[in-house]
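Per-entry structural report
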Amino acid sequence: MKNRVIRISVVALCFLTFGCSKESRDNAALAKSKSIQIKGSDTIVNLVQKWAEDYSSTDASLNIGITGGGSGTGFAAIINGTCDIAMSSRSIEEAEIKQAEGNKIHPFEYKVGLDGLMVIVNPKNPVVQLTLDQVRNIFMGNIKNWKELGGPDKKIVILSRESNSGTHMFFKEHVIRKGNKKSKDEFSPKALLMSSSQAIVNEISQNPNALGYVGIGYMSAELKAIAIAKKKGDKFVSPDIDSVLSDKYPISRPLFLYASSKDNKLVNALIAYALSDQGQKTVRKLDFVPLRKL
Amino acid sequence: MFSRKVTDSIIEKLIFASGIAAILLVSLIFFFLLREGLGFFSEYSIKDFITGHFWYPTSKPAAFGILSLIMGSLFVTLGAAVIAVPVGVMAAFYISEVAPVSVRDVLKSGIELLAAIPSVVIGFIGMVTLVPLVRVMFDIPTGLSAFSGSLMLAFMAMPTIVSISEDAIRSVPWTYKEAALSLGATKWQTMYRIVLPAAAPGILAAVMLGIGRVIGETMAVMMITGNAAAIPESIFDPVRTMTATIAAEMGETVKGSMHYKGLFAIGLVLFVITFIINFIADTFLNRVKK
């Protein structure tokens, strides 16, 4: 009886020591390899992923981890010190800079591309163009029925992103509040808050009453992008790369990477790659708008 | 002899530790919730929190009114209960009183299997199949609604309700039924007049535990209820539940901010609600034993 107990504990001990030594070896290997943690905006997660893949193909020891979750998530991670680069589709806020500085972190901003936000509906929806004011009134809940816009007598279902999304913040600040910092206008509380742009696309592709906003990279045959005029009487402009680059399309925004420090060589090299001609070509390939004509 | 005593006492202590661990964990969770959540109320009044209509946590100034979230959880939960309770209790009666042995085994393991489906899978199936169907069938603006959520959550509450009700029904002594049948009561009369009242406390406990599961459910409701933080006017309106709010927003918040504390305060409200429900269920279960 006692004998067996001892034998078992010897075996267990063997496993334990073996397990430990293997684990510590792995840890040592990890510390030697170079790694970058990137977190933030779902909008550009695919773009940054592509940059990281292209860039790290030249250097096998480079280890880049990328997670989405929304621009706010990325900033929270920078402030809490759990990532090296935050991806964002809005600029960082004063309060967030202050919080980061409280933790001795000085985020540094790089503008890496542009994105047009399209207002989308189901292709079965007869509405093709709206003024910016009409869009604003729909999202604030002042226009409630498609018949007010020349459509069928159906209630408008407003789709928005969750409040941690940079897309949500940008749309609120630039369309709902018209860029006025003092404005307190909000999305209608009846707006459905979707967890991702893909969720908005999914609902719109099967619901003719729904209307939402996503980046122009999400365009597909199941959607229809609304042409937008800045104000009544202006020309209606469809969202595409050319109209965003020439600033004719009214709802476009910069895309940012925020580094947690200026002196991390690995991070700087990756960002330099993103800003290079080759990196900017990737921007275009993924249906975002590059910083300059290539 | 000596070693047997030692083993005995070691095992005894181990069991004691395991028994205490659960209680310790619950109280630790509760104190953690209190610590993170209570600070919220020193800066935001409880009344505005519970009765406020608007939930704009990231605006300046932020609004932290959770009435619409409470109503959302309530609508989804009540809807699920209305569907799951009658169906679940009837299923339990069928399994324990009517079904032949072979059918009973298949049904029982089938229903228990339902409990094993992860909620994200239920949510996904609901999003792809149920949501478009509900929109067309009831001619409502969108299928992402409290009703869709209730329907899917009813599936999740069913296993709990069926298996605990079934235990309660089966524990009704045979002598009751024999007495009823020998007095000339039909099978239905026996079930309805004798077994149901005798098993009622156990069935109520089953219902409460099922509801407890529904109100705490997160992933599935987040995917199919639409997440609009407005007070619903009907079961076919989109709603945002308390659980979905915590899950969707916790990732973005900065530790220690008002928003972070506010989410913990919602957690506190949820904890109190589930505690009350479990307490009621427990009282009924104890009554069954007596």
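Residues numbered from 1 in each chain as written. Chains lettered and ligands numbered in written order. Predicted model: local features only at pLDDT ≥ 70, side-chain atom pairs only at ≥ 80, totals over all residues. Heavy atoms only, no water.

1. Section: the overall build of chain A
Put simply, the test is: A run of H or I in DSSP becomes a helix once it reaches four residues, and a run of E becomes a strand once it reaches two; helices and strands are each numbered from the N terminus. Only protein chains enter the accessibility calculation, which uses a 1.4 Å probe. A residue is then buried if its area is under 20% of the maximum for its type, exposed if over 50%, and partly exposed in between. Here, two residues are considered to be in contact whenever any of their heavy atoms come within 4.5 Å of each other. Every accessible area reported is derived by Shrake-Rupley at a probe size of 1.4 Å, with residue values counting cover from the shown protein chains alone.
Helix and strand counts for chain A stand at 10 helices and 11 strands. Evaluated residue by residue, chain A yields a buried proportion of 49% over its 294 residues. Counted over contacts in chain A with a minimum sequence separation of 6, partners at least 24 positions apart contribute 72%. Accessible surface computed for chain A: about 14500 Å², of which carbon and sulfur atoms make up 54%.

2. Examining the overall build of chain B
Scanning chain B from terminus to terminus reveals 11 helices and two strands. Helices (α) and strands (β) of chain B occur, in sequence order from the N terminus, as α-α-β-β-α-α-α-α-α-α-α-α-α. Seen along its three principal axes, the alpha-carbon backbone of chain B occupies a region of about 75 × 70 × 30 Å. Expressed as a percentage of its 290 residues, the buried residues of chain B come to 45%. Counted over contacts in chain B with a minimum sequence separation of 6, partners at least 24 positions apart contribute 71%. Only carbon and sulfur atoms are counted for the fraction: they give 73% of the accessible area of chain B, which is about 14900 Å².

3. A short note on the confidence of the model for chain B
Residue and element names in this part refer to chain B. Heads up, the condition is: On a range of 0 to 100, pLDDT expresses the predictor's confidence in each residue.
Across chain B, the average pLDDT comes to 89, with 98% of residues at or above 70. For chain B, the element scoring lowest by mean pLDDT is helix α11 (residues 258-289), at 85; helix α3 (residues 67-98) scores highest, at 93. This complex was scored by the predictor with a pTM of 0.77 and an ipTM of 0.78.

4. Here's the deal with the packing of α3 of chain B against helix α8 (residues 187-216) of chain B
Residues and elements named next belong to chain B. Just so we agree on the cut-off: Axis definition: a line fitted to C-alpha atoms, limited for helices to the stretch in contact. Angles are taken between N-to-C directions and run from 0 to 180 degrees. Between 65 and 115 degrees an angle is taken as roughly perpendicular, under 35 as roughly parallel, over 145 as roughly antiparallel, and anywhere else as oblique. For a crossing to be left-handed, the near helix must be turned anticlockwise from the far one by less than a right angle; the clockwise case is right-handed.
Across the interface, α3 lies against α8 with an axial gap of 9 Å and an inter-helix angle of 135°. What the angle tells us is that α3 and α8 run oblique. Crossing of α3 against α8: the hand is right-handed. Taking contact as the criterion, the partners of T77, A80, A81, V85, V89, F93, E97 and V98 in α3 are, on α8, K187, M191, V195, L196, I203, V207, I211, V214 and I215.

5. Some words on the domain arrangement of chain B
Residues and elements named next belong to chain B. Going by this rule: Segmentation into domains, and thus their bounds, comes from an automatic or database assignment. Here's the idea: put two parts together, see how much 1.4 Å probe accessible area each one loses, and the total over both is what we call buried area. Criterion for a salt bridge: a side-chain nitrogen of Lys or Arg within 4 Å of a carboxyl oxygen of Asp or Glu. The term polar contact refers here to a pair of N or O atoms within 3.5 Å; inside protein, the definition further demands a hydrogen-donor-capable atom paired with an acceptor-capable atom, and it admits residues adjacent in sequence only when both atoms are side-chain atoms. Any residue that is not Ala, Val, Leu, Ile, Met, Phe, Trp, Tyr, Cys, Pro, Asp, Glu, Lys or Arg is counted as polar, Gly included; the first ten are nonpolar and the last four charged.
Segmentation of chain B into domains returns domain 1 (2-42) and domain 2 (56-289). Once you take the C-alpha centre of each, domain 1 and domain 2 turn out to be 29 Å apart. Across the contact, 11 residues belong to domain 1 and 10 residues belong to domain 2. Across the domain 1/domain 2 interface, buried area totals approximately 980 Å², and carbon plus sulfur atoms make up 87% of it. Contact with domain 2 buries area across many residues of domain 1, yet L33, E36 and F40 alone supply 61% of it, more than any other trio. Remark: the boundary between domain 1 and domain 2 carries zero salt bridges. For the pair domain 1 and domain 2, the number of links is zero residue pairs in polar contact (both at pLDDT 80 or more). In the side of domain 1 that touches domain 2, the residues fall into eight nonpolar, two polar and one charged.

6. Comments concerning helix α5 (residues 132-139) of chain A
Because each turn of an α-helix spans 3.6 residues, side chains separated by three or four positions in sequence point in the same direction. All names here are of chain A. Selection rule: Taking the helix axis as origin, the arc is that swept by the directions to the C-beta atoms.
When we look at burial in α5, the residues that qualify are L132, V135, R136, I138 and F139. Around the axis of α5, the buried residues are gathered within 160° of arc, so they sit on the same side. Looking at the buried side of α5, the elements it contacts are β4 (108-121), β5 (129-131), β6 (157-161), α6 (166-176), β8 (210-215) and β10 (227-229). G141 lies just past α5 and shows a positive phi near 90°.

7. Some thoughts on the side chain of T43 of chain A
Residues and elements named next belong to chain A. Mapped onto the elements of the fold, T43 is located in the loop between β1 (34-40) and α2 (45-56). Residue T43 is classed as buried on the basis of its relative accessible area of 6%. Here the side chain of T43 touches T167 through a polar contact of 3.1 Å, side chain to side chain. With residues near it in sequence (within four places) discarded, T43 still touches S89, D115, T167, R253 and F288.

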